[in-house]
Amino acid sequence: ETDDDAIVPKTIILLTVSKSSSLCMLILLKEDGSRVPVARSYRGNDWEPYGGLYASLSVDCYGNYQCDIPLEPPPSGATYVLKSTSPAHAITIEDKVARFLESATFGGSPAEIDSLAKTIASYEMDETTAIDRAFASWVANQQDSTTTPLTSHRAFFRQRTLSWSLGSTRTTLTTQPCAMGSRYRRYSFTGSDYEQLLTIGNDGNGTLPLFVNGLVRTVVEAPIVFSDGSVAEGGKNYELCSRGMKGLGATVKLRQAGSCRKVVSFGSFNGNPPIDFFDTTPPEWFDITPYADAIDQKSYRYYEEGSIQMLNVTSTIPPEHCSYSFAPGLQEHFFVRFGSEWFISDTRFVLLNNDIDTPLEDGGQSMVSATSEAAKRDWKVRCSNVPRTYQNEDRCFWNEDRTCAAGQKFLSGGLVCGSPNEVSTSRSGGGVNGDGQFNVHTKFDNAGDAQKELKQHIWTASVLSAKDQLRQRVAWALSQILVIGGTVLQPTHTEQHLAYYDIFVRHAFGSFRDVLKDVSLSPMMAKYLDYYQSKSTGYIWQKSKDLEYPDENYAREVMQLFSIGLYKLNQDGTVQRNSDGSLALAYTNDDIIEFARVWTGF
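Source: prediction; values computed, not measured. Numbering of residues starts from 1 in every chain and runs along the sequence as written. Given that this is a predicted model, residues contribute local features only at a pLDDT of at least 70 and side-chain atom pairs are listed and counted only at 80 or more, while totals for whole chains, interfaces and linings are drawn from all residues. Side-chain numbers come from the whole structure's heavy atoms, not from hydrogens or water.

**Quick notes on the packing of helix H13 (residues 553-560) against helix H14 (residues 589-598)**
Part 1: It is at 8 Å that the axes of H13 and H14 come closest, and there the two elements cross at 120 degrees. In this view, H13 runs oblique relative to H14, as classed from their interaxial angle. For the pair H13 and H14, the sense of crossing is right-handed. Contacts from Ala 555, Arg 556 and Met 559 in H13 reach Asp 591, Ile 592, Phe 595 and Ala 596 in H14.
Part 2: Each residue is assigned to one class: nonpolar for Ala, Val, Leu, Ile, Met, Phe, Trp, Tyr, Cys and Pro, charged for Asp, Glu, Lys and Arg, and polar for all the others, Gly among them. In terms of residue class, the contact of H13 with H14 is built from 5 nonpolar, no polar and 2 charged. Interaxial angle, 0 to 180 degrees, is taken between N-to-C directions of lines fitted to C-alpha atoms, where a helix line uses only the stretch in contact. Counting from the N terminus, the helices are the DSSP runs of H or I reaching at least four residues and the strands are the DSSP runs of E reaching at least two. Reported orientations rely on four angle classes, namely roughly parallel under 35 degrees, roughly antiparallel over 145, roughly perpendicular from 65 to 115, and oblique for the rest. A crossing counts as left-handed when the near helix is turned anticlockwise from the far one by less than a right angle, and as right-handed when that turn is clockwise. Should any heavy atoms of two residues lie within 4.5 Å, those residues are considered in contact.

The structure is reproduced here in structure tokens:
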């Protein structure tokens, strides 16, 4: 790094571009020692302004490696200085590849950097031309969806969603006891038991049966000892007040009379106890020991080192050997014996494929029928048939058999449609059936504090593993412009938000008009900027004789924030002015009023 070279302020200064291996910077050095970057030249490139205060600085460069830079006099006590620096080592091809991927992706891996560097080295041409060719080829492959398929955030989430659910929900059914994807856990309590009712029984044989919401969960040795030395009483009710009860030995807390206390031990076992029945058997159970080949054993190392705490059914056990099935609605617990140990069903709901290309043939009618007799409304699956829209109309089809439509109306035949990236949960693979899945809010599982950061977790996992890195980088940039927020981003609105984000993924290399169209017709944007159920003046007058105007929020923002901006611009980005010197407005309030009339009737 060289010493600061002060520049005498003048109207225009003439600077030579940097050397091929150095960086030159023009800086405003203030009286207090702080520095404001003005312009830069690096690797022999022309001078260019920095972003920020000097972003609109006009730099005029010539073919002889010189540039004119107009400068205003510096503030009192400040001065302009030049600084130059060179790297401590020669810039290698790997360095250049890494810099390129840093700007075009979310960061290149060593393998990606090495692969692209080897491609450059394989070209029989000069290095600069080889680099340009390799980078151009990489960009072309990233833009070609047949070569590099796009990564949908909604699909990424749905494939890895395997939430705990004690019964059917409005969305789907649960896994069956012996079907692929079923899970059984060794430990008694989970975070989903938070705030649930625990009843301690008493069988008089030195053991205590435990019931959660009236259903038997396990049998433990007496006594149950709290951290203050007191003992839980048999025949009493408590509230489970611990959130993170995952794994054998995890902390369990019980509340009674407002006090939430830690349980030190259940008999001789410290912490979250195992499922056990001693000399008895549970009401519904099945021995899966003979089907060990269909079982993936998971060992958590949180508290009990190396113990098997989860069983995943990786291939369906034949129904003749396991005929028990869950009825629609709230499920009774189902237990299995594996060797000498007991496990309890850890039922999960499984999302089915209703993608735009392959929707459910009956529109979800079979699931609706299967849960029609469920005791509660929340246990009845709703119709999954999607209304026909501009997005799916060319791929909808007519089904002559019984189908269902919106509102759960059964039809003797009907039009069946899906929605983009509404794919099924993957029911195989350790990352999904193991600990790699996403948990979501359901009637039976509030998903705890993790729900608040779920969108960020999905986004991070998706973009860092995606092959279409350039598309993801562009999508992220678009999402910073056409933003949504407020109440539409509630923790429970995960999939809705992901469907909205996928707009930018789909159209990253397309037309901004298509982006704006999908955003404008998105329910998330409609609710965020208030044109959801916006009504025309004429409609309101007919209904209530009130004189009201349509909501103008989106009509204004679609111009001001999402497209043309407040002022007309020249091709170089500078603001146009009227003949009197005033700024030329891009639109007027009359335009807003007219546009507001368009955004009604949704």
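Having seen it, we continue.
**A look at the side chain of Asn 385**
Part 1: Assignment of secondary structure puts Asn 385 in the loop between helix H5 (365-370) and strand E23 (397-399).
Part 2: Not counting the four nearest positions on each side in its chain, Asn 385 is found in contact with Gly 363, Cys 404, Ala 405, Leu 415, Val 416 and Cys 417.

**Focus on helix H2 (residues 110-122)**
Part 1: One less than the residue count of a helix, multiplied by 1.5 Å, gives the span that helix is expected to have. For H2, spanning 13 residues, the distance from its first C-alpha to its last is 18 Å, which sits close to the expected 18 Å at 1.5 Å a residue.
Part 2: Those residues of H2 not exposed but buried are Ile 113, Leu 116, Ala 117 and Ile 120. The buried residues of H2 occupy an angular sector of 100 degrees when the element is viewed end-on, so they sit on one face. Those residues of H2 that are exposed and angled more than 90 degrees off the buried face are Ala 111 and Lys 118.
Part 3: For H2, the elements touching its buried residues are helix H1 (93-104) and helix H3 (127-143). Relative accessibility under 20% of the residue-type maximum defines a buried residue, over 50% an exposed one, and the middle range a partly exposed one, all with a 1.4 Å probe and only protein chains included. By definition, the arc is the one covered by directions from the helix axis to the C-beta atoms.

**A look at the packing of H1 against helix H8 (residues 469-479)**
Part 1: Between H1 and H8, whose axes approach to 9 Å, the crossing angle comes to 45 degrees. With respect to H8, the axis of H1 lies oblique. Residue-level contacts link Glu 102, Ser 103 and Ala 104 of H1 to Gln 469, Leu 470 and Arg 473 of H8.
Part 2: Partitioning the contact of H1 with H8 into residue classes produces 2 nonpolar, 2 polar and 2 charged.

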